[in-house]
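What follows is the residue order along each chain.
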Protein chains: 2
Amino acid sequence: MTHFRITVEYDGTPYVGWQRQDNGPSIQAALESALREFCGEDVAVHGAGRTDAGVHALGQVAHFDIARDTDAATVIDALNHFLRHEPISVLETEAVDEDFHARFSATRRHYRYRILNRRPRPTVTRGRVSWVPVPLDADAMASAAQCLVGEHDFSSFRASICQAKSPVKTLDRLDVSRHGDEIHVEASARSFLHHQVRNIVGTLELVGKGRWSADDVSAALDARDRAAAGPTAPACGLYLLSVDYGDV
Amino acid sequence: MTHFRITVEYDGTPYVGWQRQDNGPSIQAALESALREFCGEDVAVHGAGRTDAGVHALGQVAHFDIARDTDAATVIDALNHFLRHEPISVLETEAVDEDFHARFSATRRHYRYRILNRRPRPTVTRGRVSWVPVPLDADAMASAAQCLVGEHDFSSFRASICQAKSPVKTLDRLDVSRHGDEIHVEASARSFLHHQVRNIVGTLELVGKGRWSADDVSAALDARDRAAAGPTAPACGLYLLSVDYGDV
């Protein structure tokens with residue numbers, strides 16, 4: 001058996017999410033199907049983060065084991081060949097120590113959320129950004145974001161279906177910056193709760209619109225109640241950028 | 001009659017090009033249809049550049065006249081409303097002097113060509129970049145490009161169906177730069193021949209692959225023969241960025 005680590009990029013639009021599900025195509029199932037075509041084995045693919053339906057990845061990481069004698073260069077070419085009709089590309093493949101686990105060995109995950117903030121709808125970036133037609137104050141969003149950095153009980157930003165044992169997470173970084181018509185929210189943490197980034201973005205948008213102050217964000221955090229925070233921002237603006245392994 | 005100038009962004013993928021044609025949907029026809037729905041008039045829309053099928057625009061400029069008494073703010077909202085099912089957005093609208101002509105008043109046009117230069121296929125940028133899986137030397141492309149800057153007979157880079165009276169054009173700028181996995185070719189000129197940017201990009205790619213030298217590009221230019229230059233790069237990588245008016 002060889003233990004492989006892969007880095008995967010995908011357009012999340014046509015998928016029910018990373019995870020294999022009965023109700024539609026998933027990135028995990030597409031990778032497992034490509035591996036089956038390649039080596040004739042039923043291979044289980046384990047991802048670092050279970051991205052939701054419509055969420056994209058520029059650097060998802062996954063691992064799997066193959067019994068067939070092969071090497072990393074063959075695996076990446078075979079996967080990309082059998083994935084050629086899917087908007088999924090394997091960017092890197094590496095044979096790694098058997099104790100490497102894409103999910104449990106991860107020490108930090110990095111996400112970016114892209115908001116197109118202008119009155120006209122997106123065209124060339126449709127499905128690649130969320131769209132907020134009213135002007136957002138990115139500086140106000142950036143300031144308000146800082147009260148969420150650090151270790152907190154993020155119950156107010158946690159989806160009701162979240163399976164994490166604890167709502168306490170440490171957010172290492174939450175940066176908001178404007179790039180022309182786009183606002184990017186970048187978040188880094190060892191791990192995230194379900195919908196945590198999208199719920200944070202939906203809340204910061206209230207600040208950007210001038211409806212909430214930074215104190216309101218702080219109060220929402222303290223409430224430890226999902227109903228106290230803002231709405232969930234759409235999936236299409238979210239990107240899993242990369243996953244770190246090893247010492248933070 | 002009020003004379004309006006508009007700036008338009010579009011995803012060129014589903015269109016036969018800017019220009020109204022019998023064989024499929026065009027951006028021009030979509031704008032004219034939206035104007036008809038708005039003001040009940042048959043309005044002719046004139047664009048600065050006739051982008052080809054599949055070519056995108058971030059800042060196409062057009063003009064038209066409306067008899068109905070209205071203003072720029074109403075026109076932009078009406079157009080974007082009636083265009084809501086098309087990947088076309090009007091970014092700006094302005095009432096201008098009647099002597100403004102989107103095509104003939106233009107003093108400079110700016111294009112960008114995006115090449116995704118990596119072995120794995122594009123996913124989130126599919127249809128937004130061309131894809132060259134073999135490594136390209138962007139520095140060599142940038143050097144070779146310089147022999148095309150200035151006033152030249154560009155017959156070698158001109159589509160056979162080009163309707164321009166003269167093949168002589170002045171290329172003001174032709175920059176090649178790498179941005180991670182992408183290579184951008186940026187070209188500026190008062191006007192371009194049909195397929196000129198795409199034929200230049202296809203030729204520079206031969207340099208990037210190490211198959212051609214800068215001298216080969218120079219010799220292709222001197223040949224004044226389309227067969228002497230490289231292939232036409234795909235439409236999906238090309239963007240009309242902006243159009244200048246007034247003094248250069």
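Residues numbered from 1 in each chain as written. Chains lettered and ligands numbered in written order. Predicted model: local features only at pLDDT ≥ 70, side-chain atom pairs only at ≥ 80, totals over all residues. Heavy atoms only, no water.

(A) Just unusual backbone geometry, in detail. A positive phi is found at Arg224 of chain A, a non-glycine position, where the angle reads about 50 degrees. Tracing the backbone through its elements, the reader meets Arg224 of chain A in the loop between helix H5 (214–223) and strand E10 (238–245). Residue classification places Arg224 of chain A among the exposed residues on the basis of a relative accessible area of 55%. In this structure, His195 of chain B is a non-glycine residue whose phi angle is positive, near 70 degrees. Assignment of secondary structure puts His195 of chain B in the loop between strand E9 (182–189) and helix H4 (196–208). (Helix = DSSP H or I, 4+ residues; strand = E, 2+ residues; numbered from the N terminus. Buried < 20%, exposed > 50% of the residue type's maximum accessible area, 1.4 Å probe, protein only.)

(B) Here's a closer look at the packing of aromatic side chains. Residue and element names in this part refer to chain B. Tallying each qualifying case throughout the model produces 10 aromatic pairs over all chains. Between Tyr111 and Phe192, the ring centres sit 5.2 Å apart and the planes meet at 90 degrees, which makes this aromatic pair edge-to-face. With Tyr111 in strand E5 (residues 106–116) and Phe192 in the loop between E9 and H4, the pair connects residues that are 81 residues apart, well separated along the chain. Neither residue differs from the other here; Tyr111 and Phe192 are each classed as buried. (Phe/Tyr/Trp six-rings, centres within 6.5 Å; stacked < 30°, edge-to-face > 60°.)

(C) Molecular detail of the environment of Asn117 of chain A. Residues and elements named next belong to chain A. Here Asn117 is to be found in the loop between strand E5 (106–116) and strand E6 (130–131). Asn117 sits in the buried class, given a relative accessible area of 7%. Between the C-alpha atom of Asn117 and that of Glu182, which follows or precedes it by 65 residues, the distance is 5.6 Å. For Asn117, the residues in contact, after removing those within four places along its chain, are Val132, Val134, Pro135, Leu136, Arg178, Asp181 and Ile183. (Contact = heavy atoms within 4.5 Å.)

(D) The interface of chain A and chain B, seen in detail. Between chain A and chain B, the contact holds 25 residues from the first and 25 residues from the second. Remark: the boundary between chain A and chain B carries four salt bridges. Between Asp77 of chain B and Arg119 of chain A there is a salt bridge, with the nearest N and O atoms lying 2.6 Å from each other. Connecting chain A to chain B are 14 residue pairs in polar contact (both at pLDDT 80 or more). Examining the composition of the side of chain A that touches chain B, we find that four residues originate from one element, strand E4 (residues 88–95) of chain A, more than from any other. Class assignment of the residues belonging to the side of chain A that touches chain B gives a composition of 11 nonpolar, four polar and 10 charged. (Salt bridge = Lys/Arg side-chain N within 4 Å of Asp/Glu carboxyl O. Polar contact = N/O pair within 3.5 Å; in protein donor to acceptor, adjacent residues only side chain to side chain. Nonpolar A, V, L, I, M, F, W, Y, C, P; charged D, E, K, R; others polar.)

(E) Fine view of the domain arrangement of chain A. All names here are of chain A. The domain architecture assigned to chain A consists of domain 1 (2–95) and domain 2 (107–245). The C-alpha centroid of domain 2 is placed 27 Å from the C-alpha centroid of domain 1. Contact residues are listed per partner, giving 17 residues for domain 1 and 16 residues for domain 2. Contact between domain 1 and domain 2 buries roughly 1300 Å² in total, counting both sides, with carbon and sulfur atoms accounting for 52%. Counting the contacts that link domain 1 with domain 2 gives two salt bridges. For Arg198, the salt bridge is made with Asp52, and the minimal N-O distance between the two is 3.7 Å. One can count 11 residue pairs in polar contact (both at pLDDT 80 or more) joining domain 1 with domain 2. Here the side of domain 1 that touches domain 2 takes six residues from strand E3 (residues 56–66), the largest share from any one element. For the side of domain 1 that touches domain 2, the class distribution of residues is six nonpolar, seven polar and four charged. (Domains from an automatic or database assignment. Buried area = accessible area lost by both parts, 1.4 Å probe.)

(F) Geometry of H4 of chain B. Residue and element names in this part refer to chain B. An ideal rise of 1.5 Å per residue puts 18 Å on 13 residues; H4 measures up with 18 Å between its terminal C-alpha atoms. For H4, the buried fraction is high: 13 of the 13 residues fall into the buried class. Two residues or fewer past H4, Gly210 is found with a positive phi of approximately 85 degrees. (Expected span 1.5 Å × (residues − 1).)

(G) Inspection of the pairing of strand E8 (residues 168–179) of chain B at higher detail. All names here are of chain B. Relative to E8, strand E7 (residues 150–153) is paired through four bridges, and the arrangement is antiparallel. Along E8, the bridge assignment pairs Asp153 with Val168. Strand direction decides the pairing type here: E8 and E9, joined by eight bridges, are antiparallel. For Val176, the partnering residue across the bridge sits in E9 and is Val185. (Pairing = 2+ DSSP bridges.)

(H) Inspection of the environment of Ala214 of chain B at higher detail. Residue and element names in this part refer to chain B. Along the chain, Ala214 falls in helix H5 (residues 214–223). We classify Ala214 as partly exposed; its relative accessible area is 36%. Here the alpha-carbon distance between Ala214 and Thr7, two residues 207 residues apart in the chain, equals 37 Å.

(I) Representation of the nonpolar core within the structure. Judged by nonpolar contacts, the single largest core of 71 residues is most densely connected at Leu31 and Phe64 of chain A. For this core, the leading source of residues is helix H1 (residues 27–39) of chain A, giving seven residues. Counting contributing residues per domain, this core is built from domain 1 (2–95) and domain 2 (107–245) of chain A, each supplying no fewer than three. Not counting residues up to four positions away in its chain, the partners in contact with Phe64 of chain A are Thr2, His3, Phe4, Ile6, Leu35, Val43, Ala44, Val45, Val75 and Leu79 of chain A. Ranked by size, the runner-up nonpolar core spans 70 residues in total, among them Phe64, Tyr113, Val176 and Ile200 of chain B. (Core = buried A, V, L, I, M, F, W, Y, C linked by side-chain atoms within 4.5 Å.)

(J) Representation of the state of the cysteines. All names here are of chain B. Applying the stated criterion to the full structure yields zero disulfides over all chains. Among the cysteines around Cys147, which has no disulfide bond, Cys162 carries the closest sulfur, lying 20 Å off. When its relative accessible area of 26% is taken as the criterion, Cys147 is described as partly exposed. (Disulfide = S-S within 2.5 Å.)

(K) Fine view of the packing of H1 of chain A against helix H2 (residues 72–82) of chain A. Residue and element names in this part refer to chain A. Remark: H1 packs on H2, axes separated minimally by 9 Å, with the N-to-C direction vectors making an angle of 115 degrees. Our classification of the angle between H1 and H2 gives roughly perpendicular. Considering only the axes of H1 and H2, their crossing is right-handed. Residue-level contacts link Leu31, Ala34, Leu35, Glu37 and Phe38 of H1 to Thr74, Val75, Ala78, Leu79 and Phe82 of H2. (Axes fitted to C-alpha atoms, helices over the stretch in contact; angles between N-to-C directions. Parallel < 35°, antiparallel > 145°, perpendicular 65-115°, else oblique. Left-handed = near helix turned anticlockwise from the far one by under 90°.)

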